[in-house]
Amino acid sequence: MTTRRTRPAPRPPEGTPPRAELARQARAVLADAVRIAHWAAGTPGPGTAAPLAAHALERAATALELSPAQVRAGWDRARLAGLVELHGDTARPGWRLRAWDRDDSAVLRGWVALFDAWSLVHAAPEGIEAGAVAEAVEAVPQVLSLLQLSAGPVTVPALLDLLGQRVAELHEERCEVPLGPGRTAPAAPAASAAPAGTAADRAAPAGPARSADLNALLLDWALEGLAAVGALTLGTGHATLTPLGNWAVWVKLEQICVAAQSPAGNIEQSAADMLLGCARLTPGPARDEYRAWLAARTVGSAVAELLAVARGEDALLRGLAFEALRVVGAPAEPEVRAVLAEPSLRPYALLWLAEYEGNDPDDAQDVLSREEATWLWVDTAAAVADHGETGLLVRHLDSAVQGTVPALLDEVRAVGHPRTVQVLVALAAAHPDPALAKAVRRAAFQVHTGGA
């Protein structure tokens, strides 16, 4: 057991509205999305992708008395906020929609998911390369931090200066050093010369002034996108965080503070090393460590790294990876759903999705078939055999769905888990009952030799 000093629950900045008021504001931002989600959940075949299929778009606009553009925007927001889920050609209500009117936490989590996806809500300007857009998205947290710390309006020039500094830092981190004093660019061939103002000149690499213009364009896009999700308001030459935006930025800054307090330095570790470092923590401290590690990474890269670890041979890390994915929540849902086709991950993914959709964790096992439950039993036993105590492996017998050891052994032999032999050998060595141990050893031998 690892002990750690507990940190008192932080209080939001003075003047932050109560959670009930923040949730009311979030409901107002997502009002059209909620209406469209209810309509889609009750309508067969509304479409499988955003935007809605043309016929569904027209039906929704008529039924809800909204313009097609409003329906399209609301549909996108409903999906990004986890209000609706697509299963083939059918849209079903997400767990957040079911809890929308009674659970303020679900509402705020849904709005934060939309806030995190602001760059998807508001399309980037055309004609700008993806790398420049990605840099702007990566620099926006610093812009938001300045807005939050200023506790009031911040001028656009100040935000533009900060954005430019952050982009320059990103270039420096990638060793993209711009030309400066003492550095000269290679002379261009004579054939490439062109009069100033021609198409060739406009296509030339950007200089400092051109970079400032590009940053200004990207800052305008970012501010408009954040305003579109209700995170800030725009005035003449300045921007101000809304109470919702101020609270969301504060929450994310607190996550960074938690990350800085990671006692074992897990924030800097790979996913596998971080999970191993958390293996002997109790659930609460382990979740704090997961949050710390996640706060230092983009959601997409963190989820990809956790799933890569889950695909490995260590069954303990597989289970812990999905525990960490529970902390990620809604942003991990598409990736978790995508691994349902992988036999080694399917039981974990089914349980994750069941809990994500609001099922009680104690009842989530009901979503597994008998074969899937048996496969998970073997996988968990492998984790215990590799990392746990022998007594725990013996007690693990009680969690099998079969009810009797002979039935368990029959189904374990049939399920085809790659660690079946090692698990049975370890169980036979650990069990105090000689007769049962003998039966388990016989089963291990039969699996090993391919006998019946």
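Residues numbered from 1 in each chain as written. Predicted model: local features only at pLDDT ≥ 70, side-chain atom pairs only at ≥ 80, totals over all residues. Heavy atoms only, no water.

Colleague: Explanation requested: the overall build of the chain in the structure shown.
Modeller: When helices and strands are counted, the chain shows 23 helices and five strands. Residues counted as buried form 40% of the 452 residues belonging to the chain. At a minimum sequence separation of 6, the contacts of the chain that also span at least 24 residues come to 65%. Working note: accessible area of the chain is about 23400 Å², and carbon and sulfur atoms make up 56% of it. (Helix = DSSP H or I, 4+ residues; strand = E, 2+ residues; numbered from the N terminus. Buried < 20%, exposed > 50% of the residue type's maximum accessible area, 1.4 Å probe, protein only. Contact = heavy atoms within 4.5 Å. Areas by Shrake-Rupley, 256 points an atom, 1.4 Å probe, with all protein chains shown as cover.)

Colleague: Just to check I follow, could you spell out the nonpolar core for this structure?
Modeller: Among the nonpolar cores identified, the biggest contains 64 residues, and Leu275, Leu306, Phe322, Leu325 and Trp377 are the most heavily contacted of them. Those residues in contact with Leu325 that sit more than four places away from it in its chain are Val303, Leu306, Leu307, Ala332, Val336 and Trp352. By size, the runner-up hydrophobic cluster in this structure holds 60 residues, among which are Leu22, Ala60, Leu218 and Val249. (Core = buried A, V, L, I, M, F, W, Y, C linked by side-chain atoms within 4.5 Å.)

Colleague: Teacher, can you tell me more about helix 15 (residues 299–310) here?
Modeller: Helix length check: helix 15 (12 residues) gives 16 Å between terminal C-alpha atoms against 16 Å at 1.5 Å per residue, within 8%. Residues Ala302, Val303, Leu306, Leu307, Val309 and Ala310 constitute the buried set of helix 15. Within helix 15, the buried residues cover an arc of 155° as seen down the axis, which keeps them to one side. Where the residues of helix 15 are buried, they touch helix 13 (271–278), helix 14 (283–295), helix 16 (315–328) and helix 17 (333–338). (Expected span 1.5 Å × (residues − 1). Arc of directions from axis to C-beta.)

Colleague: Hey, could you run me through the layout of surface pockets in this one?
Modeller: One simple way to see leftover space: roll a probe sized like a water molecule over the atoms. Each pocket or cavity is described by its volume, and for the second largest pocket that value is around 1200 Å³. For the second largest pocket, the lining is made up of 42 residues, of which Leu316, Gly319, Leu320, Glu323 and Thr380 are closest to its centre. Of all the secondary-structure elements, those providing two or more residues to the lining of the second largest pocket are helix 14, helix 16, helix 18 (346–356), helix 19 (370–387) and helix 20 (390–395). The class makeup of the residues in the lining of the second largest pocket is 24 nonpolar, 10 polar and eight charged. (1 Å grid on protein atoms, 1.4 Å probe; cavity = no way out; pocket = protein on both sides within 12 Å on 5 of 7 lines; lining within 4 Å. Points joined across faces, edges and corners; volume = space filled by probe spheres on them. Nonpolar A, V, L, I, M, F, W, Y, C, P; charged D, E, K, R; others polar.)

Colleague: Would you explain the sheet that holds strand 3 (residues 154–155) in this entry?
Modeller: For sheets, the rule is that strands pair by backbone hydrogen bonds, running either parallel or antiparallel. With antiparallel pairing, three strands are arranged side by side in an open sheet as 3-5-4. Strands at the two margins of the open sheet, each flanked by one partner only, are strand 3 and strand 4 (232–235). Where strand 4 lies against strand 5 (residues 238–241), four bridges are found, and the strand directions are antiparallel. When the bridges of strand 5 are listed, Leu234 appears paired with Ala239. (Pairing = 2+ DSSP bridges.)

Colleague: Mind showing me how you'd approach the packing of aromatic side chains here?
Modeller: One pair of aromatic rings is described through two measures. These are the centre distance and the angle between the planes. A complete count under the given rule lists four aromatic pairs for this structure. Between Trp118 and Trp221, the aromatic rings sit 4.9 Å apart at their centres with planes inclined by 50°, giving tilted as the arrangement. Of this pair, Trp118 sits in helix 7 (residues 118–121) while Trp221 is found in helix 11 (residues 208–228), placing the two residues 103 residues apart along the sequence. You'll find Trp118 and Trp221 in the same group, each marked buried. Ring centres 5.2 Å apart and planes at 20° place the aromatic pair Trp352 and Tyr356 in the stacked group. Taken together, the residues Trp352 and Tyr356, both in helix 18 and four residues apart, mark about one turn of the helix. Take Trp352: its relative accessible area is 2%, and that puts it in the buried class. (Phe/Tyr/Trp six-rings, centres within 6.5 Å; stacked < 30°, edge-to-face > 60°.)

Colleague: Please clarify how the packing of helix 19 against helix 22 (residues 420–430) should be interpreted in this entry.
Modeller: Axis separation between helix 19 and helix 22 bottoms out at 9 Å; the angle between their running directions is 60°. Judged by the inter-axis angle, helix 19 sits oblique to helix 22. Judged by the twist between their axes, the crossing of helix 19 over helix 22 is left-handed. Contacts between helix 19 and helix 22 pair Trp377, Val378, Ala381, Ala382 and Ala385 from the former with Thr420, Val423, Ala426 and Leu427 from the latter. The residue makeup of the contact of helix 19 with helix 22, split by class, is eight nonpolar, one polar and no charged. (Axes fitted to C-alpha atoms, helices over the stretch in contact; angles between N-to-C directions. Parallel < 35°, antiparallel > 145°, perpendicular 65-115°, else oblique. Left-handed = near helix turned anticlockwise from the far one by under 90°.)

Colleague: Looking at this structure, how should I read the pattern of salt bridges?
Modeller: A pair can form between side chains of opposite charge whenever their charged atoms are brought close. Within the structure shown, the criterion is met by 13 salt bridges. Here Asp104 makes a salt bridge to Arg27, at a shortest N to O gap of 3.1 Å. Of this pair, Asp104 sits in helix 6 (residues 104–116) while Arg27 sits in helix 1 (residues 19–29), placing them 77 residues apart in sequence. The network of salt bridges with shared partners includes Glu323, Arg326 and Glu355. (Salt bridge = Lys/Arg side-chain N within 4 Å of Asp/Glu carboxyl O.)

Colleague: Please clarify how the environment of Leu219 should be interpreted in this entry.
Modeller: Looking at the secondary structure, you find Leu219 in helix 11. Along the sequence, Leu219 and Leu159 sit 60 residues apart, while their C-alpha atoms lie 7.9 Å from each other. Apart from the residues lying within four places of it in its own chain, the contact partners of Leu219 are Val156, Leu159, Leu160 and Leu163.

Colleague: Mind showing me how you'd approach helix 8 (residues 130–150) here?
Modeller: Note that an α-helix has 3.6 residues per turn; residues three or four places apart therefore point the same way. Taking 1.5 Å per residue as the helical rise, helix 8 with its 21 residues ought to reach 30 Å, and the 31 Å between its terminal C-alpha atoms agrees with that figure. A bend of about 35° at Ala139 is the largest found in helix 8, and the proline Pro141 appears one to four places after it. Just beyond helix 8, the residue with positive phi is Ala151, at close to 55°. (Bend = angle between axes of the 7 residues up to and from the residue.)

Colleague: Even after reading the chapter, I still don't get the pairing of strand 5, so can you show me in this structure?
Modeller: Summarising the sheet, strand 3 and strand 5 pair through two bridges and their orientation is antiparallel. Its bridge partner being in strand 5, Val154 is matched across the sheet by Ala239.

Colleague: Would you mind going over unusual backbone geometry with me for this structure?
Modeller: Trans peptide bonds make up the majority, and among non-glycine residues the majority have a negative phi. Of note in this structure, Glu65 is not a glycine but carries a positive phi near 55°. Position of Glu65 among the secondary structure elements: in the loop between helix 3 (54–64) and helix 4 (68–80).

Colleague: Whenever I open this one, the side chain of His396 confuses me. Can you help?
Modeller: Looking at the element boundaries, His396 is found in the loop between helix 20 and helix 21 (405–415). Sequence-distant contacts of His396, defined by excluding residues within four places in its chain, comprise Trp377, Thr380 and Ala381.

Colleague: Quick question: what am I supposed to make of the confidence of the model for the chain here?
Modeller: The predicted model of the chain averages 78 in pLDDT, with 81% of residues at 70 or higher. Here residues 1–8 is modelled with pLDDT under 50, and outside its nearest four sequence neighbours on either side it reaches 12 contacts, counting other chains as well. Under a pLDDT of 50 for its full length, residues 45–51 has, in the predicted model, 22 contacts with residues more than four places off or in other chains. (pLDDT = per-residue confidence, 0-100.)

Colleague: I tried to follow the packing of helix 1 against helix 6 on my own but got confused; where do I start?
Modeller: Each pair of packed helices gets described by two things: the angle between the helix axes and the distance between those axes. One way to put it is that helix 1 packs onto helix 6 with a least axis distance of 9 Å and a crossing angle of 50°. With respect to helix 6, the element helix 1 is oriented oblique. When you trace helix 1 past helix 6, the crossing you get is left-handed. Here Arg19, Ala20, Leu22, Ala23, Ala26, Arg27 and Val29 of helix 1 lie close against helix 6, whose contacting residues are Asp104, Ser105, Val107, Leu108, Trp111 and Leu114. Along the lines of polarity and charge, the residues of the contact of helix 1 with helix 6 split into nine nonpolar, one polar and three charged.

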